Amino acid sequence: MTIILFDTPQSRSALYPFTPTRSVAYIRHGILTIKEKWEQMTGLPVFVITEEYLNEKIPSDDTYVYVDATVIPLGAFVTSAIGMALDTALIYNGQLASLKTSLKLSYPIMAEPGIQSIEIAAPGSIAFPWQLFQTNEQAIRTDFELLTKDRNYQPIDASNVIIGKGNLFIEKGAVIRACIINVEEGPVYIGKNALVMEGTTIRGPVAIGENAVVKMGAKLYSGTSIGPGCTAGGEIKNSILMGYSNKAHDGYLGDSVIGEWCNLGAGTTNSNVKNTAGEVKMWSNAEAEFVPVGIKAGLLMGDYSRSAINSSFNTGTVVGTCCNVFHTGFPPKHIPAFSWGIETYELEKAIGDIGRWMKLKGKEMGEKEKVIIRHINTKQD
């Protein structure tokens, strides 16, 4: 049996600015990506189906369980999706949640004629990008239980101050010294070979990924996920750095999601609450307009984007893919892909700059990444 997480055209548009460079299943939420959650939950091979330029090769099998990639894998839904009979679909509010079949299907996934439909209550899902930071605390809690059940953790150095009992898991090779970690309100997970430098203060739920670096004196508040290979510093609250991105210096990041291979220049800060305490609006690619998202909302930044030193992002700002953000005063609240200040970021220059940034973390830019970036540039997401 193979699980295939499928995108829909609607979810790809709605989850901008993070979907131009990835399928929905590779979005990080909590400690893990959605795909990693399914792998941990089921122990089955998991693949994705999305637009052709992002697709993976799927091996042959006698049974496929197709699941909407926006659905968060929680116990009851996972049991129903895997355990249902062949040629059966789970439907909620007229939408396909899961389909079990022996057929290899292609994007976009639709239930074939003759499939038996079972109506279910709406499962937990991520329909819009701001829901990532709005629900990240709970996602960390759920992933923590999934990853640490029946496992032993690495002992913590005696130079640290731990407030509370339990709720702390340290993977092999992680180094944490002279830090304050409060686990009274939620768990703290520190990944393999992570480095948490002296003077860091952490208040759970917080996740720090494999090979991440947290700089001296950093303040990590609840709901924060520092993805693998990221560098984190300053004050970060209720935010996600998906992977290989830098928020390395002083400045505030709150109620925000930063994609992969981004860099926030020293002193970069965002607002997450309006001075009027009124409702914040963010750019919705699906609606092609600004829509209300709640009282607190900071910055959504797509992959490969960077900000100049001392950049100040206004409440509810959305930055597309491959942007170099530098402005006098506040940047616009929606910055389209391939923006170079108020001009256009030339494609080949963008690719060259990204390659150099990747080398700073010991990675090489592959042809697949270049194909994706050129595709996005053609579409001008």
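Residues numbered from 1 in each chain as written. Predicted model: local features only at pLDDT ≥ 70, side-chain atom pairs only at ≥ 80, totals over all residues. Heavy atoms only, no water.

Novice: What am I meant to see in helix α6 (residues 347-360) here?
Specialist: Spacing of three or four residues puts side chains on the same side of an α-helix, whose turn is 3.6 residues. With 14 residues, α6 extends 20 Å from end C-alpha to end C-alpha; this agrees with the ideal 20 Å at 1.5 Å per step. Considered for burial, the residues of α6 that qualify are L347, A350, I351, D353, I354, G355 and M358. Where α6 is buried, its residues meet β31 (306-307), β36 (339-340) and α7 (367-379). Sitting at the head of α6, E346 places a side-chain oxygen 3.3 Å from the backbone nitrogen of E348. Phi turns positive, to about 75°, at G362, one or two residues after α6. (Helix = DSSP H or I, 4+ residues; strand = E, 2+ residues; numbered from the N terminus. Expected span 1.5 Å × (residues − 1). Buried < 20%, exposed > 50% of the residue type's maximum accessible area, 1.4 Å probe, protein only. Contact = heavy atoms within 4.5 Å. Polar contact = N/O pair within 3.5 Å; in protein donor to acceptor, adjacent residues only side chain to side chain.)

Novice: Help me understand the sheet that holds strand β8 (residues 116-119), please; the structure alone is not making it clear to me.
Specialist: As a general point, the strands of a sheet are linked pairwise by backbone hydrogen bonds and lie either parallel or antiparallel. In spatial order, the strands read β4-β1-β5-β7-β6-β8; together these six strands make up an open sheet with mixed pairing. Of all strands in the sheet, those with a lone pairing partner are β4 (46-49) and β8, marking the two edges. Going across the sheet, the axis of each strand differs from the next one's by a mean of 25°, ignoring polarity. Here strand β1 (residues 2-6) pairs with strand β5 (residues 64-68) via five bridges, running parallel. Within β5, the residue paired with I3 across the bridge is V65. Each of β1, β5, β6 (88-92) and β7 (95-101) touches helix α3 (residues 75-83); the most contacted strand, β7, lies at about 45° to it. (Pairing = 2+ DSSP bridges. Axes fitted to C-alpha atoms, helices over the stretch in contact; angles between N-to-C directions.)

Novice: What's the story with the packing of helix α2 (residues 34-42) against α3 in this structure? I'm lost.
Specialist: If you want to describe how two helices pack, look at the angle between their axes and the distance between the axes. Between α2 and α3, whose axes approach to 11 Å, the crossing angle comes to 75°. With respect to α3, the element α2 is oriented roughly perpendicular. Contacts from W38, M41 and T42 of α2 reach α3 at G75, F77, V78 and I82. (Parallel < 35°, antiparallel > 145°, perpendicular 65-115°, else oblique.)

Novice: Whenever I open this one, α7 confuses me. Can you help?
Specialist: The terminal C-alpha atoms of α7, which comprises 13 residues, lie 18 Å apart, in line with the 18 Å expected from a rise of 1.5 Å per residue. Among the residues making up α7, those that are buried are I372, I373, I376 and N377. Along the axis of α7, the buried residues cluster in a sector spanning 135°; they form a single face. Exposed side chains of α7 directed beyond 90 degrees from the buried face belong to E367, K368 and T378. For α7, the secondary structure elements touched by its buried residues are α6. (Arc of directions from axis to C-beta.)

Novice: What am I meant to see in the packing of α6 against α7 here?
Specialist: Axis separation between α6 and α7 bottoms out at 11 Å; the angle between their running directions is 145°. Here α6 runs over α7; the crossing is right-handed. For the pair formed by α6 and α7, the contact residues are L347, E348, I351 and I354 on the first element and K370, I373, R374 and N377 on the second. When its residues are assigned to classes, the contact of α6 with α7 shows four nonpolar, one polar and three charged. (Left-handed = near helix turned anticlockwise from the far one by under 90°. Nonpolar A, V, L, I, M, F, W, Y, C, P; charged D, E, K, R; others polar.)

Scope: geometric values only; no functional claims are made or implied.
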